There are 2 protein chains.
Amino acid sequence: MSTKKQQLIDCAMGLFYQHGIHAIGINEILKSSGIAKKTLYNHFESKEALVLATLEQRHHLFISWLSRCLENAQTNEQLAEQLFSALDQWINNKVEVLGEFRGCYFINTAAEFGELSSPINQLCQRHKLAVKALLKQALNDADDAAVERLFLLSEGIISTAYTCHDTDVVKRALKN
Amino acid sequence: MSTKKQQLIDCAMGLFYQHGIHAIGINEILKSSGIAKKTLYNHFESKEALVLATLEQRHHLFISWLSRCLENAQTNEQLAEQLFSALDQWINNKVEVLGEFRGCYFINTAAEFGELSSPINQLCQRHKLAVKALLKQALNDADDAAVERLFLLSEGIISTAYTCHDTDVVKRALKN
DNA sequence: CAAATGATAGACAGGATGGTCTACTTCTGT
DNA sequence: ACAGAAGTAGACCATCCTGTCTATCATTTG
C-alpha cells in the first residue's frame, strides 16, 4: 500500500472518529494531512470509499487489540474481568492505538447514515458481529446467552461512557 | 405554542431521527412540512435551536412512554420484565408514538457532534441520566449496582438492535 | 374599517462541499 | 540517464447549505 494512501487513511480515521464523518470535509483531511486532492482521488474514488477504508482499518485495529486483551484467560470469570479492564483502559485514554476515546466508531458512524443497506452500515454491522464472535470463541463452554449478555453489557458500557461523558462506568458496573 | 412551530418540530423530529441531523437540510424540512422559511426563522433562531427543540420533545415523549411502561410492577423482577418487553415492542415498531425504530435518537445525535460541551450533547447526556433516574426510582430497594446493570443492558440492547439490524436481541438476551 | 400580526414564496448572499482537471515537479526502476 | 509513475498546487464547477430579506397575502382584533 502506498504510503500516501496509508497517511490519508490514518488522518481521515482520526478526524472522522473525533468529529464525525459529515462534520469533516475532504478539504479538511487534505489540509491536515498535507496531501494533494488529486492524490486522494487517485487512491479513492470518492469520500465514501475513504470512509470505508477507515472503517476497515479500525475494524482490524480494534479486533486485534481486543483479542490481545482477552488472551490467556483461564476461566470465564477471568475473561470477563479482562474484558472490563480493557474497556476501562480504552475509555480512560490509556490505549494509544485506539486514540482519544469518543465512543465506538462503528456505532457513531452507523448513527450518521440512515440507509440501513448502505455499504457503510453493513461494515458497521459486520464489525459488531465479529466482536461478538470473538467473545464467543474466547468464552469456552459458555452458553450463547452468557455471550450475548456480556456483549450487550459492553455495548452499553461503551455507549454510556460516551453519551454520558462517564469515565467511571466500568468501575460502577463491577460493584456488586 | 403556535401550531406552525409544533408542526415544524414534529416534521423535523421525524426526518432527523430517520436520516440523521447532518443529512437533513433546512430546506428539506420546509418542503416536507410545507411551511415557509421565514416562518421557521421566526420561531427558531437557527437550525441548532430547532434540533434542540426536537431533542426536548423526544425527551418528554420517551420518558413518559417509558414510565407508563414501568408502572404497576410489583417486584423488581417484574419491572425488568416490563422494561425488556417495552424495548422489544419499540424495536419491533409496535410503539406508534416513538416512530419507526432507528436506535436511540440521543445516542445517534451525540454521535454526530464532536464537541462534548455543546448544548446538543448536554441535552443527550441529561436524557440518559433521566432514564437512569427513572429506573432507579422504579426499582424499589434495589442497590445502585442493580440499577446500573439494568441500565447498561438496555443501552446495549438499543444500540445493538440498531447497529446489527437485530430485532431479536431482547428475546435472546432473556434466554437463560 | 384599519392596523397589526403571522404566514407565504422565493430570490439572494456567502460560504462550504465533493469532485474534476490542468500544468508542473519529484521520485523510482531499469 | 531517462521514461513513466506518482505527487503537488490549486483553479474551477456544480451543487448544496444556512440564513436574510422583500413583497405579498390572509386573518384577526380593536
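Structure report, in brief. What you see is a predicted model, and the numbers here were worked out from it, not measured in a lab. (Residues numbered from 1 in each chain as written. Chains lettered and ligands numbered in written order. Predicted model: local features only at pLDDT ≥ 70, side-chain atom pairs only at ≥ 80, totals over all residues. Heavy atoms only, no water.)

On to the relation of the copies chain B and chain A, then. Two copies of the chain are present, and they differ by a rotation about an axis and a shift along that axis. Mapping chain B onto chain A calls for a rotation angle of 180 degrees and an axial translation of 0.0 Å; the resulting RMSD is 0.0 Å. Each copy turns onto its partner about a two-fold axis. If distances are taken from each C-alpha of chain B to the rotation axis, the shortest is found for B:Gly156, at 1.9 Å. Both copies present the same face, since 100% of the interface residues in chain B are matched by interface residues at the equivalent positions in chain A. (Least-squares fit on C-alpha atoms with pLDDT ≥ 70 in both. Contact = heavy atoms within 4.5 Å.)

Among the nonpolar cores identified, the biggest contains 122 residues, and A:Trp90, A:Ile157 and B:Trp90 are the most heavily contacted of them. If near-sequence neighbours (up to four positions away) are discounted, A:Trp90 is found in contact with A:Tyr17, A:Arg58, A:Phe62, A:Trp65, A:Val95, A:Leu98, A:Phe101, A:Gly103, A:Cys104 and A:Ile158. (Core = buried A, V, L, I, M, F, W, Y, C linked by side-chain atoms within 4.5 Å. Buried < 20%, exposed > 50% of the residue type's maximum accessible area, 1.4 Å probe, protein only.)

Attention now moves to the packing of aromatic side chains. Residue and element names in this part refer to chain A. Tallied over the entire structure, the rule returns 12 aromatic pairs over all chains. Centre to centre, the rings of Trp 90 and Phe 101 are 5.0 Å apart; their planes meet at 85 degrees, and the pair counts as edge-to-face. Taken as a pair, Trp 90 in helix α5 (residues 76–91) and Phe 101 in the loop between α5 and α6 (105–112) lie far apart in primary sequence, 11 residues in all. A relative accessible area of 1% places Trp 90 in the buried class. Exposure remark for Phe 101: the relative accessible area of 12% places this residue in the buried category. An aromatic cluster is defined as three or more aromatic residues linked by ring pairs; in this entry it consists of Phe 62, Trp 65, Trp 90 and Phe 101. Across the ring face of Tyr 17, the terminal group of Arg 58 is positioned such that the distance to the ring centre comes to 4.3 Å. (Phe/Tyr/Trp six-rings, centres within 6.5 Å; stacked < 30°, edge-to-face > 60°. Helix = DSSP H or I, 4+ residues; strand = E, 2+ residues; numbered from the N terminus. Lys NZ or Arg CZ within 6 Å of the ring centre and 35° of its normal.)

Where α6(A) contacts helix α6 (residues 105–112) of chain B, the two axes come as close as 8 Å, and the packing angle between them is 100 degrees. Considering the angle they form, α6(A) stands roughly perpendicular to α6(B). Taken together, the residues of α6(B) that come into contact with α6(A) (itself represented by A:Ile107, A:Asn108, A:Ala111 and A:Glu112) are B:Ile107, B:Asn108, B:Ala111 and B:Glu112. Class assignment for the residues of the contact of α6(A) with α6(B) results in four nonpolar, two polar and two charged. (Axes fitted to C-alpha atoms, helices over the stretch in contact; angles between N-to-C directions. Parallel < 35°, antiparallel > 145°, perpendicular 65-115°, else oblique. Nonpolar A, V, L, I, M, F, W, Y, C, P; charged D, E, K, R; others polar.)

Take the protein's contact with DNA strand C next. The environment of DNA strand C is made up of 17 residues, and the closest members are A:Ile26, A:Lys37, A:Tyr41, A:Lys47 and B:Thr39. When the atoms of DNA strand C within 4 Å of the protein are grouped by moiety, sugar and phosphate amount to 53% of the total. Within the side chain of A:Lys37, an N or O atom sits 2.5 Å from a base oxygen of DNA strand C. A distance of 3.1 Å is found between a phosphate oxygen of DNA strand C and a side-chain nitrogen or oxygen belonging to B:Lys4. Examining the composition of the surface near DNA strand C, we find that four residues originate from one element, helix α3 (residues 37–43) of chain B, more than from any other. A per-class count over the surface near DNA strand C returns five nonpolar, six polar and six charged. (Near = heavy atom within 4 Å. Polar contact = N/O pair within 3.5 Å; in protein donor to acceptor, adjacent residues only side chain to side chain.)

The next subject is the interface of chain B and chain A. Contact with chain B, which involves 41 residues of that partner, is made by 41 residues of chain A. Both faces combined, the contact of chain B with chain A buries some 3,400 Å², and carbon together with sulfur accounts for 60% of it. The largest per-residue losses of area from chain B upon contact with chain A belong to B:Leu152, B:Thr163 and B:His165, which jointly make up 17% of the total buried on that side. At the junction of chain B with chain A, the criterion picks out two salt bridges. One salt bridge connects A:Glu148 with B:Arg172, and the closest N-O pair in it is separated by 2.7 Å. (Buried area = accessible area lost by both parts, 1.4 Å probe. Salt bridge = Lys/Arg side-chain N within 4 Å of Asp/Glu carboxyl O.)

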